[in-house]
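# A structural walkthrough
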Amino acid sequence: MENTKLDQAVKQWLQYDKNPKTASMVEELVNEGAVEALKKCFSSRMEFGTAGLRAAMGPGTSCMNDLTIIQTTQGFCHYLEESFDNFKERGVVIGYDARAHPPSGGSSKRFASLAAAVFISRGVPVHLFSDITPTPFVPFTVWHLGLCAGIMVTASHNPKQDNGYKVYWENGAQIVSPHDKGISQAIEGNLEPWPESWSTEEALKSPLLKDPYQDIHTQYFKAIQKHCHHRDINKSSKVKIVHTSVHGVGHTFVQSAFKAFDLHPPYAVEEQKDPDPEFPTVKYPNPEEGEGVLTLSFALAEREGATVVLANDPDADRLAVAEKQESGQWRVFSGNELGALLGWWMFRCWKRQNSDAAAVKNLYMLSSTVSSKILRAIALKEGFHFEETLTGFKWMGNRAKDLLDQGKTVLFAFEEAIGYMCSSSVLDKDGVSAAAIAGEMISYLATKSSSLSQQVTSIYEEYGYHISKNSYFICHDQDVIRSLFERLRNYSGQKDSYPTECGRFAISAVRDLTTGYDSNQPSNKAVLPTSRSSQMITFSFSNGGVATMRTSGTEPKIKYYTELCAAPGNSNVTHLKKELDDLVDAIVENFFEPEKNKLQPKPE
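Starting afresh in each chain, residues are numbered from 1 along the sequence in its written order. Given that this is a predicted model, residues contribute local features only at a pLDDT of at least 70 and side-chain atom pairs are listed and counted only at 80 or more, while totals for whole chains, interfaces and linings are drawn from all residues. The basis for every side-chain value is the complete set of heavy atoms in the structure, and neither hydrogens nor water enter the calculation.

Naming follows an unreviewed UniProt entry, where the protein appears as Phosphoglucomutase-2 of Perca flavescens. UniProt positions are given in the numbering used here, feature names are shortened, and annotations may be inferred rather than shown by experiment. Reading the Subcellular location (unreviewed entry) entry of the UniProt record for the protein gives the comment "Cytoplasm". In its Sequence similarities (unreviewed entry) section, the UniProt entry covering the protein states "Belongs to the phosphohexose mutase family."

Spelled out as structure tokens, the structure:
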């Protein structure tokens, strides 16, 4: 970045920014002549993608702060004005979590009120929650009130200094392309704050501002009750469950969800139940990291004699589950195992209510391409439809909406990153409804003297074992990542000559969603949407193994997802696990080449 360009960016910033904290941070850097630090703040604007924005809170165009929130919202507002004739009748909803960054004066609540001020300055009705809410409440509100769009200010399970701006379209699902491009261009065209964009106090007094909190709270817990099928069992259940919201927003909402299902309230982890933007008891507020985040939950469970732990991430859209084994050890279920359990349970409950044999033909379940294929196996045997989408709930939410519009029933969707959609009134992952539904499933299994662990085994015995192993390598060098994937595309020196084997394992098919190649399709053209901006190749093996290698949109990682799908009846688990371990070793050695490419393994 040339210094003249940097000077211009800084000058414009100081002209526009009315937040005294971020403005003085930038002035200090200018006075100190801290060019490198200024470059870091101003070298690029946060990229607005289909997941919206996600970055650290702080000064400058590359961070989340008052000014970048105003600029983003002005662009989004402009794009919505162009997209909807009735935008000023319908309006938007805005929700937020409890994140805050005192040094820069940024917080989710502050960002949400600035976004509200922008819309109100243009005469647009805004439904701004008066208090923190789980992320799924925003898509629910879009659907329930028939709004044009929704915004959730959250960075989910990211480190504490981060924040984010997540966007939903009128269909209640996250935006997909080309909306992100259109919004991005509109942001660039609306960088100068509009006269009233900073006027949060006036906006909060405007008759255009409504608080949907009470109404949505009531309607949401009413809506999820259609998934409660065993009220009597729930009322009399003796199962003890611990819940942690990991210093996020989940506590009161999961308590209410359990109440809606007549389940006994879960024991809350006292040190983690109240929202705290410092996340003091955990290194990363991500329940996917497993045991480290759950240490306090296990201790509480031991004290209370509880056998199951439920954990939400800080914005309560994801759910982790652990169960105490007979050995006294705790088993943390993988996202794929939980997907199998919840998928089995949702189908079982549906079947009890639908005796008409033909109805199953109208039934759908979805999962992402990197998630377990267990739903496919259940669908084959039970006669319903299973579909795969690209990675991320934006794809599953939009596909679910298409199917619902065609009069189909979408019963369940999941991704291996502990995201579950158990109710079609939220077209996104929802850790609140999933927690209550899991609570009911656990209570039901207890009446059959069974546990989650035993039930996972029963599912695999009936539909075939699906054993998965997912991990990643860290790589900060984009050129290394590019050449690693290009080598796989030109394996024998020719273009589109992918490997035909990996060590001792024969490859039966290849799908490359970066280039759009799929050897399984008659024309070699992939059916799923392709994207040049990210790397993603899937190999199918003759032994029933599937492996996907892909880059992460938000982190410097090359991820791999592997699964061995065995036919029902092949239940030699030790042998299957050994086969998968050998396959993963071969992929790492032959395709990743970590030594040659200087890749760092996932930290233990």
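Structure's up, so let's keep going.
### Notes on the environment of Thr73
If you trace the backbone, Thr73 turns up in helix α4 (residues 66-83). Using a 1.4 Å probe on the protein chains alone, a residue whose accessible area is under 20% of its type maximum counts as buried, one over 50% counts as exposed, and one in between counts as partly exposed. Under the relative-accessibility criterion, Thr73 is labelled buried at 0%. Separated by 38 residues in the primary sequence, Thr73 and Phe111 have C-alpha atoms spaced 9.9 Å apart. The numbering of helices and of strands both runs from the N terminus, where a helix is a DSSP run of H or I of at least 4 residues and a strand a run of E of at least 2.

### Things to note about helix α16 (residues 393-405)
Multiply 1.5 Å by the residue count of a helix minus one, and that product is the helix's expected span. With 13 residues, α16 should reach 18 Å at 1.5 Å per residue; the first-to-last C-alpha distance of 18 Å fits that figure. The first or second residue beyond α16 is Gly407, which carries a positive phi of 85°.

### Section: the UniProt feature "domain: Alpha-D-phosphohexomutase alpha/beta/alpha" (unreviewed entry) in the protein
Per the UniProt record, the feature "domain: Alpha-D-phosphohexomutase alpha/beta/alpha" (unreviewed entry) sits at residues 46-189, 219-324 and 335-463. Its end C-alpha atoms 15 Å apart, residues 46-189 is made of 38% helix and 19% strand.

### Re the packing of aromatic side chains
The rule is short: rings of Phe, Tyr and Trp, with Trp giving its six-membered ring, pair when the centres are within 6.5 Å, and they are stacked under 30 degrees, edge-to-face over 60, tilted in between. This structure, assessed with the given rule, holds 28 aromatic pairs. Relative to Tyr213, the ring of Phe129 has its centre 6.3 Å away and its plane inclined at 85°; by these criteria the two rings are edge-to-face. Placement of Phe129 in the loop between β5 (126-128) and α7 (137-145) and of Tyr213 in helix α10 (residues 213-223) is noted, with a sequence separation of 84 residues between them. Since its relative accessible area comes to 1%, Phe129 is described here as buried. An angle of 40° between the planes, with centres 5.4 Å apart, marks the rings of Tyr460 and Tyr465 as tilted. Here Tyr460 falls in the buried class, since its relative accessible area comes to 7%. Either the NZ atom of lysine or the CZ atom of arginine qualifies as a charge over a ring when it sits within 6 Å of the ring centre and within 35 degrees of the ring normal. Lying across the ring of Trp194, Arg122 places its NZ or CZ 4.3 Å from the centre.

### Some thoughts on helix α8 (residues 179-188)
Those residues of α8 not exposed but buried are His179, Asp180, Gly182, Ile183, Ala186 and Ile187. Seen along its axis, α8 keeps its buried residues to an arc of 165°; they face one direction. The contact criterion used throughout is that any non-hydrogen atoms of two residues lie within 4.5 Å. Of the surrounding secondary structure, the elements contacted by the buried residues of α8 are α4. The arc in question is the one spanned by the directions pointing from the helix axis to the C-beta atoms.

### Some thoughts on the nonpolar core
If you look at soluble globular proteins, the nonpolar side chains tend to sit buried side by side. Joining through side-chain atoms within 4.5 Å is the link that ties buried Ala, Val, Leu, Ile, Met, Phe, Trp, Tyr and Cys residues into a set, and such a set is a nonpolar core. The biggest cluster of nonpolar side chains holds 175 residues, and the ones touching the most others in it are Phe76, Ile94, Phe119, Leu310, Phe412 and Tyr420. Excluding residues that lie within four positions of it along the chain, Phe412 makes contacts with Gly339, Leu342, Gly343, Met346, Tyr364, Met365, Leu366, Leu375, Tyr420, Met421 and Cys422. Tyr364, Leu366, Ala400 and Leu403 belong to the second-largest nonpolar core, a separate cluster that totals 11 residues.

### Re the packing of α4 against α8
How two helices sit against one another is set out by the angle between their axes and by the gap between those axes. Interaxial angle, 0 to 180 degrees, is taken between N-to-C directions of lines fitted to C-alpha atoms, where a helix line uses only the stretch in contact. The geometry of α4 relative to α8 is characterised by a closest axis approach of 7 Å and an angle of 120° between their N-to-C directions. The angle between α4 and α8 falls in the class oblique. As for how α4 packs across α8, the hand of that crossing is right-handed. Packed against α4, whose contacting residues are Gln71, Thr72, Gly75, Phe76, His78 and Tyr79, the element α8 presents His179, Gly182, Ile183, Ala186 and Ile187 at the interface. We call two directions roughly parallel when the angle between them is under 35 degrees, roughly antiparallel when it is over 145, roughly perpendicular when it lies between 65 and 115, and oblique otherwise. When the near helix sits turned anticlockwise from the far one by under a right angle, the crossing is termed left-handed; a clockwise turn instead gives a right-handed crossing.

### With respect to the sheet that holds strand β10 (residues 267-268)
Ordered in space as β10-β9-β11-β12-β13, the 5 strands form an open sheet in which the pairing is mixed. Of all the strands in the sheet, the pair left with one neighbour each is β10 and β13 (330-332). Whether two strands pair depends on DSSP finding at least two bridges between them. Sheet analysis places strand β9 (residues 241-244) next to strand β11 (residues 308-312), joined by 4 bridges and oriented parallel. Residue pairing across strands places Val242 opposite Val309, the latter belonging to β11. Lying over the sheet, helix α17 (residues 431-447) contacts β9, β11 and β12 (319-324), oriented at roughly 170° with respect to β11.

### Examining unusual backbone geometry
The amide bond that connects Ser177 to the next residue, Pro178, takes the cis arrangement and shows omega of 5°. With a phi angle near 45°, Phe279 is a residue other than glycine that sits in the positive phi range. The phi dihedral of Ile418 falls on the positive side, at around 50°, and the residue is not glycine. Looking at where Ile418 falls in the secondary structure, it is placed in the loop between β16 (409-415) and β17 (419-421).

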